[in-house]
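Residues per chain are reported as follows:
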Amino acid sequence: MKVVIMGCGRVGSTLAAMLADDGHDVTVIDIRQEAFRRLPADFKGKRHVGNGIDQDVLARVGLAEADAFFAVTQGDNRNVMATQIAKHIFGVERALCRIYDPIREAMYHELGIETISPTIVGANMLKDMLYQKHAAAGIGSEA
Amino acid sequence: MYVIVVGGGKVGYYLAKELLAENHEVLVIEQDGAKCERIAEELGDIVLRGDGCEAATAEIAGFGRADMVCAVTGDDEDNLVSCQMAKAKFGVPRTVARLNNPKNQTIFKKLGIDSTVSATAAILAQIEQELPTHGTIPILQLKSGLEIVGLKMPAESSVIGKSIKELLMPHGSLIVLVVGKDGTPRATTSDTVIQAEDEVVVVTSSENEEALRTALTKP
C-alpha cells in the first residue's frame, strides 16, 4: 500500500515506522525538518518537508496515488482540513484523522470522515485499567 | 442581521467596524486577550474571548441565532472548521471564509462554505490588470459559477476588424462590453467591431477561459 502520513510527532513517526516495517510504501510530511529525527535510523520510507494543508505539497508527494492518508499533527483543525482535502480533492480511499477535541471529533465523524479521538480512547483505557485492578483485588466490584 | 466575526485581527476589526456602522448586531470572537481589549475599547462591548472553532464558545456566542458567520483569521484551517461547525451544528444560513491560500477555494466550496474571500487572489488580480499581458483578467466571480473577465485585444489577433457576430466564441461565453483603448466604452451589440488594443469584457465559465483566450487573441 502507498501511505502518506502528515505530522511526524510521536504518533506519526511510530506509525510510519510500523507501516514501513510491514512493507508499505510510506511518505511522512512535516513542516519542520527536525521532526524527522524521531524516525528510526533505518526508516525505509520517504521524508518530505512541507505544509500538509497545501494542496501543491500533497500533490508533490503523490497523494492522488495513495491508498491511505493519516492526519496526525498537533492541530485538530489542520488534521480535519488535510483529511478533507485528501478525501475530496485527491480521492484517497482511506483518509484517517486524529482529533483531540471529542466534540469536534463527533461532528466530523457524522460528516462522514474516519476519525479517532485519543482523548476519549485514552480516558476509557485508564478507566478500564483502574476497574480491572480493583476487580482483580476483589474490591469495588459493585462499581 | 446578527453577524458573528471569528478572528479579531486587522480584517476582523475593520469588518466589525463597518458592520456596526451599518447597524448590524456584531460579535467578534478572538483568542488573544490584548486584541480583545483593543476591540472592546474602540468598538464597545462586542467581543468574546475564546476559540471560534470550539462548540462551547459557539454556543455562548449564539451561533444558533446568527444570520451569518464570517471566519477571517489568518489560518485557513481555523476558518474552515468555524464555518463547517456553524453549518453542521448550528444551521447558520450563510458562512463566509477568508482564504489565505487562494488554492483552497475549491475545497471550501466543496465542503459547503457559502462564500470565500481571498485577499491574495484579489491583489493578484489587481496586479494582473496592471501587467501588459494578453491573458484573461479576472474581474468578478458570480454566484452561478460564471465569471466576468477582461481581455486586451492584441493588434495581431485574427478578430481585429471583425464584428462580434462573426466571432466563434466558446459555448456559453458572451461579450458584454467593449472598451476602446482610450478608455471609452462602446455600446456593445452583435455589430460592434473589435479594434486593436480594445479591452473586451466577457461573461464566461472558468473551464472555458483557455478556449476564450485562444478564440480572441490568437493571430
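That block above? That's the structure.
Residues numbered from 1 in each chain as written. Chains lettered and ligands numbered in written order. Predicted model: local features only at pLDDT ≥ 70, side-chain atom pairs only at ≥ 80, totals over all residues.

Chemist: It is not clear to me how the overall build of chain A should be interpreted in this structure. Could you clarify?
Modeler: Assigned secondary structure in chain A consists of five helices and six strands. Moving toward the C terminus, one meets the helices and strands of chain A in the order β-α-β-β-α-β-α-β-α-β-α. Taken along its principal axes, the extent of the C-alpha atoms in chain A is 55 × 40 × 25 Å. The buried share of chain A, reckoned over its 143 residues, is 38%. A fraction of 45% describes how many contacts in chain A between residues 6 or more apart in sequence connect residues 24 or more apart. (Helix = DSSP H or I, 4+ residues; strand = E, 2+ residues; numbered from the N terminus. Buried ≥ 20, exposed ≤ 12 C-beta atoms within 10 Å, placed from the backbone. Contact = placed C-beta atoms within 7 Å.)

Chemist: Hey, could you run me through helix α1 (residues 10–21) of chain B in this one?
Modeler: Residues spaced three or four apart along an α-helix point in a common direction, a consequence of the helix completing one turn every 3.6 residues. Residue and element names in this part refer to chain B. The end-to-end C-alpha distance of α1 is 17 Å, a good match for the 16 Å that twelve residues give at a rise of 1.5 Å each. When α1 is considered as a whole, its buried residues turn out to be Gly-12, Tyr-13, Leu-15, Ala-16 and Leu-19. The secondary structure elements touched by the buried residues of α1 are β1 (2–6), β2 (25–30), α2 (33–43) and β4 (68–71). Asn-23 sits one or two positions beyond α1 and adopts a positive phi of about 65°. (Expected span 1.5 Å × (residues − 1).)

Chemist: Looking at this model, I keep getting lost on the nonpolar core. Mind explaining?
Modeler: Looking at soluble globular proteins, one finds that nonpolar side chains tend to be buried together. Core analysis: the largest hydrophobic core is formed by 67 residues, its most contacted members being Val4(A), Ile5(A), Phe69(A), Ile4(B), Val5(B) and Val69(B). Judged by nonpolar contacts, the second largest core, of ten residues, contains Leu151(B), Val159(B), Ile175(B) and Leu216(B). (Core = buried A, V, L, I, M, F, W, Y, C linked by C-beta atoms within 7 Å.)

Chemist: Would you take a moment to explain unusual backbone geometry for this structure?
Modeler: Leaving glycine out, the prevailing phi sign among residues is negative, and the prevailing peptide bond configuration is trans. Residue and element names in this part refer to chain B. If you check the backbone angles, Asn-23 has positive phi at about 65° while not being a glycine. Residue position: Asn-23 is located in the loop between α1 and β2. Asn-23 gets classed as exposed once you count the C-beta atoms within 10 Å, which come to 8. Here the phi dihedral of Glu-197 falls at roughly 70°; this positive angle occurs in a residue that is not glycine. Assignment of secondary structure puts Glu-197 in the loop between β10 (185–186) and β11 (199–205). Judged by local crowding, Glu-197 falls into the partly exposed class, with 13 C-beta atoms found within 10 Å.

Chemist: Mind showing me how you'd approach the interface of chain A and chain B here?
Modeler: Size of an interface, as often reported, equals the accessible area lost when the parts are brought together. With 15 residues of chain A in contact, the opposing surface of chain B contributes 16 residues. Residue assignment for the side of chain A that touches chain B shows that the elements contributing at least two residues are α3 (76–88) and α4 (102–110) of chain A. Here the element with the most residues in the side of chain A that touches chain B is α3(A); it accounts for seven residues.

Chemist: Looking at this structure, how should I read the packing of α3(A) against helix α4 (residues 76–90) of chain B?
Modeler: Two quantities define a packed helix pair, namely the angle between the axes and the distance from one axis to the other. Following both chains from N to C, one finds α3(A) and α4(B) inclined at 80°, their axes separated by 8 Å at the closest point. Here α3(A) lies roughly perpendicular to α4(B), going by the angle between them. Here Asn77(A), Arg78(A), Val80(A) and Met81(A) of α3(A) lie close against α4(B), whose contacting residues are Asp76(B), Glu77(B), Asp78(B), Leu80(B) and Val81(B). A per-class count over the contact of α3(A) with α4(B) returns four nonpolar, one polar and four charged. (Axes fitted to C-alpha atoms, helices over the stretch in contact; angles between N-to-C directions. Parallel < 35°, antiparallel > 145°, perpendicular 65-115°, else oblique. Nonpolar A, V, L, I, M, F, W, Y, C, P; charged D, E, K, R; others polar.)

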